[in-house]
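# Fold and geometry: a report
Below are the chains, spelled out letter by letter.
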Amino acid sequence: MTQLSIAQKVDDKLYKRGTTYLNAGDYEKAVKNFNKSIEKNDKFIDAYFNRALSYTYLKKYDEAINDYSIIIKLDPNNEVSFFNRSRIFNLKKEYQKAISDLNSAIKIDKKFIEVYFDKAQIMIKMKDLNGAISTYTNLIEVLPNDPIPYYNRGLIKYRNGDKKGACEDAALSKSKYIACDINLYDPLKKLIENSCDEK
C-alpha cells in the first residue's frame, strides 16, 4: 500500500509539472513530463489527455490520435476525447472517421452542442447537404429556442435548392432572435427580403 501511495504522489508531481508547461505553451517539456507520469501509471487518463493536447499544439497529430484512442479504450464514455479526436481527423481530411467520432460523442451526450456544429460543417465539406440539414434538425430538438441552428439550416436548405424550407427556417430564426433580443439578424433579413414573401 505504501508503494502505491508514493507512486501516486510521483505521478501527481510529474503531471502537475506537465500541466504547468502545457499552460505556459512549452509543449515539448509538457510531453516529457506526461511521458514520465504515464510510465508510472499507464492508466492515468488525465496525463494521456493533456499529452494529446500538447501533441496537437505541436502538430504531431498521429501521436495525439493515439493518446485519445488509449483514453477511449480506458473510458469508452469519454465524449470529449471522441470530440477532440474528430477535430484532428477533420484536420487530416479523414472525414468519415471524424463523423464516426462525432456520432459516438452524441450517443454519450446528446446535449454536447459543439459536436453538432462540427458534424454539420464536415458534412458540408463532404457535399452531403442533406446530412448537414439533418444534423441541424437534431440540434434543434436539443435547442428549440436557439436561433442559430434554424438560421444555419435555412442557409443550407437555400443552397440545396429548397427555397421554401429556407424561408420557413428564416422566419423561425427571426422569431427566435426577437425572443432572445439579439440584434444580429441582418444577413437573414436580406434573405427574407430578397427571396421570401412577407408571410
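About the cut-offs
Residues numbered from 1 in each chain as written. Predicted model: local features only at pLDDT ≥ 70, side-chain atom pairs only at ≥ 80, totals over all residues. Heavy atoms only, no water. Helix = DSSP H or I, 4+ residues; strand = E, 2+ residues; numbered from the N terminus. Buried < 20%, exposed > 50% of the residue type's maximum accessible area, 1.4 Å probe, protein only. Contact = heavy atoms within 4.5 Å. pLDDT = per-residue confidence, 0-100. Patch = residues over 30% accessible without salt bridge, like charges linked within 9 Å, V, L, I, M, F, W, Y side chains within 5 Å. Areas by Shrake-Rupley, 256 points an atom, 1.4 Å probe, with all protein chains shown as cover. Salt bridge = Lys/Arg side-chain N within 4 Å of Asp/Glu carboxyl O. Lys, Arg positive; Asp, Glu negative; His and termini not counted. Charge placed at Lys NZ, Arg CZ, Asp CG, Glu CD. Phe/Tyr/Trp six-rings, centres within 6.5 Å; stacked < 30°, edge-to-face > 60°. Axes fitted to C-alpha atoms, helices over the stretch in contact; angles between N-to-C directions. Parallel < 35°, antiparallel > 145°, perpendicular 65-115°, else oblique. Left-handed = near helix turned anticlockwise from the far one by under 90°. Nonpolar A, V, L, I, M, F, W, Y, C, P; charged D, E, K, R; others polar. Polar contact = N/O pair within 3.5 Å; in protein donor to acceptor, adjacent residues only side chain to side chain. Core = buried A, V, L, I, M, F, W, Y, C linked by side-chain atoms within 4.5 Å.

Secondary structure assignment for the chain yields 11 helices and 0 strands. Helices (α) and strands (β) of the chain occur, in sequence order from the N terminus, as α-α-α-α-α-α-α-α-α-α-α. Taken across its 199 residues, the chain has 43% of its residues classed as buried. Long-range pairs, those at least 24 residues apart, make up 44% of the contacts in the chain between residues at least 6 apart in sequence.

The next subject is the confidence of the model for the chain. Of all residues in the chain, 82% attain a pLDDT of 70 or more, and the chain-wide mean is 87. Overall, residues 1-11 carries pLDDT values under 50, and its contacts beyond four positions in sequence, including any with other chains, amount to 6 contacts.

Among the surface-exposed residues, Lys13, Arg17, Lys32 and Lys36 lie close enough to one another that they form a single positively charged patch. Sorting the residues of the positive patch by element identifies helix H1 (2-24) and helix H2 (27-40) as the ones contributing at least two each. Within the secondary structure layout, Lys32 lies in helix H2. The exposure class assigned to Lys32 is exposed, which follows from its relative accessible area of 54%.

Okay, the pattern of salt bridges next. Side-chain pairs of opposite charge can arise where the charged atoms are in close proximity. In total, this model carries 10 salt bridges according to the counting rule given. Ionic pairing is found between Lys97 and Glu94, a salt bridge with its closest N-O pair at 3.1 Å. Judged by its relative accessible area of 46%, Lys97 is partly exposed. Ionic contacts of the salt-bridge type, sharing partners, join the residues Asp62, Lys92, Glu94 and Lys97 into one network.

Relative to the assigned elements, Asp67 resides in helix H4 (residues 61-74). For Asp67, the contacting residues outside a window of four places in its chain are Tyr48, Arg51, Ala52 and Tyr55.

For the rest of this paragraph, the subject is the packing of aromatic side chains. For the coordinates displayed, the defined rule picks out 6 aromatic pairs. On the numbers, 5.0 Å between centres and 45° between planes, the contact of Tyr15 with Phe44 is tilted. One end of the pair, Tyr15, is in helix H1; the other, Phe44, is in the loop between H2 and helix H3 (45-57), and 29 residues separate them in sequence. We note that Tyr15, like Phe44, is buried. Note on Phe49 and Tyr68: the rings are 5.8 Å apart at their centroids and 80° apart in plane angle, and the pair reads as edge-to-face. Taken together, the residues Phe49 in helix H3 and Tyr68 in helix H4 connect sequence positions 19 residues apart. Each member of the pair, Phe49 together with Tyr68, is buried.

So, on to the packing of H3 against H4. Interhelical geometry of H3 versus H4 gives an angle of 160° and a closest axis separation of 8 Å. Relative to H4, H3 is oriented roughly antiparallel. Of the two possible hands of crossing, H3 and H4 adopt the one that is left-handed. Together, Ile45, Tyr48, Phe49, Arg51, Ala52, Leu53, Tyr55 and Thr56 of H3 and Tyr61, Glu63, Ala64, Asp67, Tyr68, Ile70, Ile71 and Leu74 of H4 make up the contact between the two elements. Its residues assigned to classes, the contact of H3 with H4 shows 12 nonpolar, 1 polar and 3 charged.

Once that is clear, we can look at the environment of Arg85. When you line up the elements, Arg85 lands in helix H5 (residues 79-91). Take Arg85: its relative accessible area is 13%, and that puts it in the buried class. Sequence separation between Arg85 and Asn66 is 19 residues, and the spatial gap between their C-alpha atoms is 9.1 Å. A distance of 2.8 Å separates polar atoms of two side chains, one belonging to Arg85 and the other to Ser69. Reaching out from Arg85, the side chain makes a polar contact with the side chain of Asp101 at a distance of 2.6 Å.

Below, the discussion takes up the nonpolar core. Tyr68, Val115 and Ile156 are the most contacted members of the largest nonpolar core, which has 41 residues in total. Those residues in contact with Val115 that sit more than four places away from it in its chain are Phe83, Leu102, Ala105 and Ile106.

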